[in-house]
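Given next are the chains, with one letter for each unit.
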Number of protein chains: 2
Amino acid sequence: MSQPSITEVRARFIAQPGEPFDLSARDSGDRALFEDKDDTKDGLTEDGKAIDQLQNLLYANGKRSVLVVLQGMDTAGKSGTIKSVFAYTTPLGMQVKAFKAPSKEELAHDYLWRVHQAVPKRGKIGIFDRSHYEDVLVVKVREFAPAEDIEQRYEQINQFEKHLVENGTVVLKFMLHVGYEEQGIRLRQRLMEGHKYWKFNPQDLEDRKLWPQFMSAYETMVQRCSTEHAPWYVIPSDSRKRRNAAIARIVRGALEELDLEWPLQLHHPDDFDIG
Amino acid sequence: MSQPSITEVRARFIAQPGEPFDLSARDSGDRALFEDKDDTKDGLTEDGKAIDQLQNLLYANGKRSVLVVLQGMDTAGKSGTIKSVFAYTTPLGMQVKAFKAPSKEELAHDYLWRVHQAVPKRGKIGIFDRSHYEDVLVVKVREFAPAEDIEQRYEQINQFEKHLVENGTVVLKFMLHVGYEEQGIRLRQRLMEGHKYWKFNPQDLEDRKLWPQFMSAYETMVQRCSTEHAPWYVIPSDSRKRRNAAIARIVRGALEELDLEWPLQLHHPDDFDIG
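Residues numbered from 1 in each chain as written. Chains lettered and ligands numbered in written order. Predicted model: local features only at pLDDT ≥ 70, side-chain atom pairs only at ≥ 80, totals over all residues. Heavy atoms only, no water.

1. Here's the deal with empty space enclosed by the protein
A water-sized probe rolled over the atoms picks out the places where empty space is left. In this structure the tally under the stated criterion is two cavities of 30 Å³ or more. Surrounding the largest cavity, F13, D30, R31, A32, L33, F34, P236, R242, R243 and A246 of chain B form its lining. Per-element accounting of the lining of the largest cavity gives the leading share, three residues, to helix α11 (residues 240-257) of chain B. Its boundaries defined by the atoms lining it, the second largest cavity holds a volume of some 30 Å³. In terms of lining residues, the second largest cavity is bounded by F13, D30, F34, I235, P236, R242, R243 and A246 of chain A. With three residues, helix α11 (residues 240-257) of chain A is the largest single contributor of residues to the lining of the second largest cavity. Within the lining of the second largest cavity, the residues separate by chemical class into five nonpolar, no polar and three charged. (1 Å grid on protein atoms, 1.4 Å probe; cavity = no way out; pocket = protein on both sides within 12 Å on 5 of 7 lines; lining within 4 Å. Points joined across faces, edges and corners; volume = space filled by probe spheres on them. Helix = DSSP H or I, 4+ residues; strand = E, 2+ residues; numbered from the N terminus. Nonpolar A, V, L, I, M, F, W, Y, C, P; charged D, E, K, R; others polar.)

Right, here's the structure in full:
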């Protein structure tokens, strides 16, 4: 089985902090690292099992946590990524938060208030299905907040994430980059298939009409919030399997890099009267 | 592949509401329904995949939720059950809550306060790893609350669960019944194996010394809180595979019985200008 190295995957998909970012130079159909379908599938399975083991270690160690942020246009595959990359991880080891339109209570606070509440505990992998980045995406495109407020948010978000990182959380951010054509195909599928129809929301078509504005907001987001402490990875997402495989490689790599140790065995059964 | 029917599994393990319950008559090593190991394993896989599909339907339908309550002595396999029975269920579809010793904030409220906050949203399967039943188990055995308070709790819990059921939540309660000998074997394993050692807590040995008192508290709990709306199932748990297979059958059965429908397809791609 031939799988690209974690270093290769990172290097290809990272938005290099401090460098200009051009979204149009990123191909949502890129298959260069994952040419063979079967190898890709086998690699994903292997990485998924490794992530499960590494999450056990994360929990046993109890000092660090991992936050996976998923952003992407409708149908880009946020739910599918969660299901596939963490197929082998126990639900007990995860904290998944899907961010919807904010409630009145949430709107009565600053936009990071609800986000901070949802960050993962030590020992857990947290997943954000959408995130605080909606506050510089849909909020920007639809002008739900004044432009000058939004302008401040990029740096606020960078500082917030820096705080999390300095306090022991690894922050991994993935933009699921799906093409306009592929989104059209997937929206049609949702409308045609009985078991997918419920995912269809006419609002998605309204967002689709604003595709260029959304792409521009995404580009600015990546450009301004890809930092050394929490870089953005822009993942080609026209192929579901390759998208999942790329993300699994990067998640596994981040967990391995923590280089955690199992707690020392301080006792032996003979130390106790187990009966 | 031969698998016991859901009806058979329920009938064998239920604590019949309104009837006397004798825990000593339940064999923690019972294998009668799941004799063959391979059949048991295949059945669990099949049920796990069905539960995943049914959870999708639960979410799409959006009107009901399922709460799975797991109680058992240390090493009985609460974590293992979660990992195995929901191996195919997406983390997005679940809400897992592990109840630990209450915080000061939690102790400043009645004991169901933190429990009510953790019940699953519509569309989700919630798992309680320990639960409000700790308030009639460890709290009773260790006398953390006055006896007359604990005495009131059985009926309070029944009423609380009735409220949940009447409001659309299916409540499934499983006592993972592990034998004293088997617990001893598992505690020794934890102490011997580097990847399990972190699960060892000397407190578990203190609870083990009070085994008869705990068994008596479990017996009373099942007797008084196995109700028509939320019966207790007492699952033989000396064999992990059989325990998982039995619980998966019952969870699948409960989801199938909801008899949910996929939302109607009200639109066709041609209704829209998808572009």
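2. Considerations on the nonpolar core
Judged by nonpolar contacts, the single largest core of 76 residues is most densely connected at V68 and F174 of chain A. Not counting the four nearest positions on each side in its chain, F174 of chain A is found in contact with V68, V69, L70, Q71, W232, Y233, I235, I247, I250 and V251 of chain A. One finds F13, L44, F86 and A246 of chain B within the second-largest nonpolar core, a separate group that totals 75 residues. (Core = buried A, V, L, I, M, F, W, Y, C linked by side-chain atoms within 4.5 Å. Buried < 20%, exposed > 50% of the residue type's maximum accessible area, 1.4 Å probe, protein only. Contact = heavy atoms within 4.5 Å.)

3. Side note on the sheet that holds strand β5 (residues 232-236) of chain B
Residue and element names in this part refer to chain B. Read across the open sheet, the five strands follow the order β2-β3-β1-β4-β5; overall the sheet is parallel. Edge positions in the open sheet fall to β2 (94-98) and β5, since each of these has one partner strand only. On average, each strand axis in the sheet is inclined to that of its neighbour by 20°, with strand direction left out of account. Sheet analysis places strand β1 (residues 65-72) next to strand β4 (residues 169-177), joined by eight bridges and oriented parallel. Counted as the bridge partner of S65 is T169 from β4. Along the sheet face, helix α3 (residues 78-85) touches β1, β2, β3 (125-129) and β4 and points at about 145° away from the line of β1. (Pairing = 2+ DSSP bridges. Axes fitted to C-alpha atoms, helices over the stretch in contact; angles between N-to-C directions.)

4. Here's the deal with the relation of the copies chain B and chain A
With an RMSD of 0.0 Å, the fit of chain B onto chain A corresponds to turning through 180° and sliding 0.0 Å along the axis. Seen this way, the second copy is the image of the first under a two-fold rotation axis. Residue P91 of chain B of chain B places its C-alpha closer to the rotation axis than any other residue of that unit, at 2.9 Å. Interface overlap between copies is the fraction of interface residues in one copy that are interface residues in the other; for chain B against chain A it reaches 100%, indicating a shared surface. (Least-squares fit on C-alpha atoms with pLDDT ≥ 70 in both.)

5. Focus on the packing of helix α8 (residues 180-192) of chain A against helix α9 (residues 202-209) of chain A
Residues and elements named next belong to chain A. Close contact between α8 and α9 brings their axes to 12 Å; oriented N to C, the two are set at 165°. If you check the angle between α8 and α9, you find them roughly antiparallel. Taken as a pair, α8 and α9 cross one another with a handedness that is left-handed. Contacts between α8 and α9 involve Y180, Q183, G184, L187 and R190 from the former and D204, L205 and R208 from the latter. (Parallel < 35°, antiparallel > 145°, perpendicular 65-115°, else oblique. Left-handed = near helix turned anticlockwise from the far one by under 90°.)

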